[in-house]
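# Structural description and commentary
Here's the letter readout for the chains.
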Amino acid sequence: MPQIAVVGAGIIGVAIAFELQRRGESVVLIDRDAPGKGASFGNMASIAITEFMPASRPSVWAQMPKWLLDPEGPVRVRPGYLPRLTPWFLRFLEASRPSRVKALEAAGAVLCSRVYEDLLPFLKAAGLSDVLSEEGCLSLYTDEVEFAADREHIAVLERFGFRHEVLVGNAIRDIEPALTTRIGKAVLFPENRSVRDPYKLVVSLTERFQALGGKMETGDVTGFERLDGGVRAIRLKGGRTIDAFRVVLCAGAYTGSLARLLDEPIPLETERGYHTQIMTPGISMRHSIIWPAKAFMVTPTAGGIRVGGTVEMAGLDAAPDFRRAKVLVRRAKEALPDLQAADASEWMGHRPALPDTVPIIGPSAKHAGVFYATGHGHLGLTYAATTARLIGDLIAGIAPPIDLKPYRVDRF
Ligand SMILES: Cc1cc2nc3c(=O)[nH]c(=O)nc-3n(C[C@H](O)[C@H](O)[C@H](O)COP(=O)(O)OP(=O)(O)OC[C@H]3O[C@@H](n4cnc5c(N)ncnc54)[C@H](O)[C@@H]3O)c2cc1C
């Protein structure tokens, strides 16, 4: 049976491989590393369906000068990387036009609205329904001033009908006792559940895929053999080839270099993020928390709690700067005064980031049989099952349940 090659075994590629397999396709999943060692290894584990707001929105621009001047601010651009970032940044600018922001909000909301419709049956089919927590996420505010600064976000969620509940005073500590009394107001997003271990989810999905006959190949994809306007085979470093009559490119932040090999450049950058996994935190938590004014997130995970966030624009090759992870832990302690962070490990990962925040999900505009699933930014875990569903429909020739125009590869 002719096979489909899925390039990249992060959460997006593994989800697509499993989805195609359960639709009866013969699939080979290719990665140069072990599955799940990219961005999908250490994300904040959140099914963050309320976090689709475009990064180019006016409230971000308003804060950008302050953030960029603060070495501990939530966004940092390494000066030496600035020249390489300029073309991406100009597109980011373009994505901040008010009409564009509205369209991008809608494109994110359409995906987020259907996340559980796709995710729950997907996890059930994989026998992994128990990876999801029951509790949602609390967004924290010390006072009305901080809350007002996040009002635009809440207003967009209200417009698109995302569930949330405002809590004040001790009602917050009633559901999350580890929080400081400095937090006077919170918004509970009950549907922002989390997975217990995002890396283990990738590994478990890969194991199911292989147990059901899926093939896994280790190799660095360096080229494509083309035929009749499409692709006939994948070329690996060292010269080996793998036949494929269809190809799905989902190599996270590295998909840009694969797309260039196909003469189909995409403006993909990496927004580097950090986490600290605290094995013995000395507190227990039920919900994940975000504190917008302090720009960090904490998620209870299997094996302790995870503190993370931040955006660093420095490309794919620069060494990590773990001072950024330490800043986040310091801020987390402001929210969780009894948090102990001695027993911890730090990590940096490459979010695949497009300048308009919306992922690319769809066919190549140039090559028959080639599909892209990349640029999921801060929401790759959240969007994984939905992306797999949409790519599955496209490959099967079934009309997808949503209009895929906002996610097309040639929109830039
Ligand atoms: C700090 C942080 C927190 C985050 N928190 C969340 C969150 O709470 N919720 C959420 O939904 N998302 C979150 N994200 C985003 C999410 O992790 C990413 O969007 C997602 O992991 C991207 O998955 P991917 O499969 O596209 O890429 P990756 O996981 O990076 O996988 C890409 C794979 O492609 C392989 N590859 C690359 N090039 C080649 C090649 N040439 N040949 C062969 N293989 C290749 C790599 O080895 C890798 O395994 C977070 C990210 C970070 C960094």
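Throughout what follows, the structure given in this document is the object of discussion. Just so you know, the residues in each chain are numbered from 1, in the order the chain's sequence is written. For this predicted model, a pLDDT threshold of at least 70 governs which residues receive local features, and a threshold of 80 or more governs which side-chain atom pairs are given and counted, while totals over whole chains, interfaces and linings are taken from all residues. Note that water and hydrogens are dropped before the side-chain values are worked out from all heavy atoms of the structure.

### A look at the site of the ligand
Throughout, the term near means that a residue has one or more heavy atoms lying within 4 Å of the molecule or strand in question. The environment of the ligand is formed by 34 residues, the closest being Asp-31, Ser-40, Ser-46, Gly-377 and Thr-382. The definition of a polar contact used here is a pair of N or O atoms within 3.5 Å, where within protein one atom must be able to donate a hydrogen and the other to accept one, and adjacent residues in sequence count solely through side-chain atom pairs. Arg-32 places a main-chain nitrogen or oxygen 3.3 Å from a nitrogen atom of the ligand. A total of 1,000 Å² of accessible area belongs to the ligand in isolation, and the protein chains cover 96% of it. Where helices and strands are cited, they refer to DSSP runs of H or I of at least four residues and of E of at least two residues respectively, numbered from the N terminus. Among the elements that line the shell around the ligand, the one with the most residues is strand E16 (residues 344-353), at four residues. Residues are grouped as follows: nonpolar covers Ala, Val, Leu, Ile, Met, Phe, Trp, Tyr, Cys and Pro; charged covers Asp, Glu, Lys and Arg; every other residue, Gly included, is treated as polar. Broken down by class, the residue content of the shell around the ligand amounts to 15 nonpolar, 14 polar and five charged. Where accessible areas are quoted, they stem from the Shrake-Rupley method and a 1.4 Å probe; at the residue level, only the protein chains shown are allowed to cover.

### Quick notes on helix H3 (residues 82-94)
Multiply 1.5 Å by the residue count of a helix minus one, and that product is the helix's expected span. The end-to-end C-alpha distance of H3, which contains 13 residues, comes to 18 Å, matching closely the 18 Å that a straight helix rising 1.5 Å per residue would cover. Of all the bends in H3, the largest measures some 35 degrees and sits at Trp-88. Throughout this description, buried means an accessible area under 20% of the type-specific maximum (1.4 Å probe, protein chains only), exposed means over 50%, and partly exposed covers the range between. Residues of H3 that are buried: Leu-85, Trp-88 and Phe-92. Residue contacts follow a heavy-atom distance rule, with two residues in contact if any of their heavy atoms lie within 4.5 Å. On its buried face, H3 sits against helix H2 (58-69), strand E3 (75-77), strand E12 (269-278), strand E15 (304-313) and E16. One axis is fitted to the seven residues ending at the residue and one to the seven starting there. The bend at that residue is the angle between these axes.

### So, the sheet that holds strand E9 (residues 230-236)
In space, the three strands of this open sheet follow the order E8-E9-E10, with antiparallel pairing throughout. The open sheet has two edge strands, strand E8 (221-227) and strand E10 (241-243), and neither has a second partner. When strand polarity is set aside, the average angle formed by the axes of neighbouring strands in this sheet is 30 degrees. Here, a strand pair is defined by DSSP locating no fewer than two bridges between the strands. Judged from the six bridges that link them, E8 and E9 form a sheet pairing that is antiparallel. In this analysis an axis means a line fitted to C-alpha atoms, helices contributing only their contacting stretch, and an angle means the value between N-to-C directions, from 0 to 180 degrees.

### Some remarks on the pattern of salt bridges
A pair is scored as a salt bridge if a Lys or Arg side-chain nitrogen falls within 4 Å of a carboxyl oxygen belonging to Asp or Glu. A complete count under the given rule lists 31 salt bridges for this structure. Residues Glu-94 and Arg-97 are paired through a salt bridge, measuring 2.8 Å at the closest nitrogen-oxygen approach. For Arg-97, a relative accessible area of 39% puts it in the partly exposed group. In this structure, the salt-bridge partner of Arg-226 is Asp-263, at a minimum N-O distance of 3.4 Å. Of this pair, Arg-226 sits in strand E8 while Asp-263 sits in the loop between helix H10 (255-261) and E12, and the two are 37 residues apart along the sequence. The partly exposed category is assigned to Asp-263, whose relative accessible area is 43%.

### Some thoughts on the sheet that holds strand E17 (residues 360-363)
Taking strand neighbours across the sheet as the criterion, the six strands line up as E7-E2-E1-E11-E18-E17 in an open arrangement whose pairing is mixed. The two strands at the open ends of the sheet, each matched to only one other strand, are strand E7 (215-218) and E17. Averaged over neighbouring strand pairs, the angle between their axes works out to 20 degrees when direction is ignored. Alignment of E17 against strand E18 (residues 370-374), held across four bridges, turns out to be antiparallel. Its bridge partner lying in E18, Ile-361 is registered against Ala-373.

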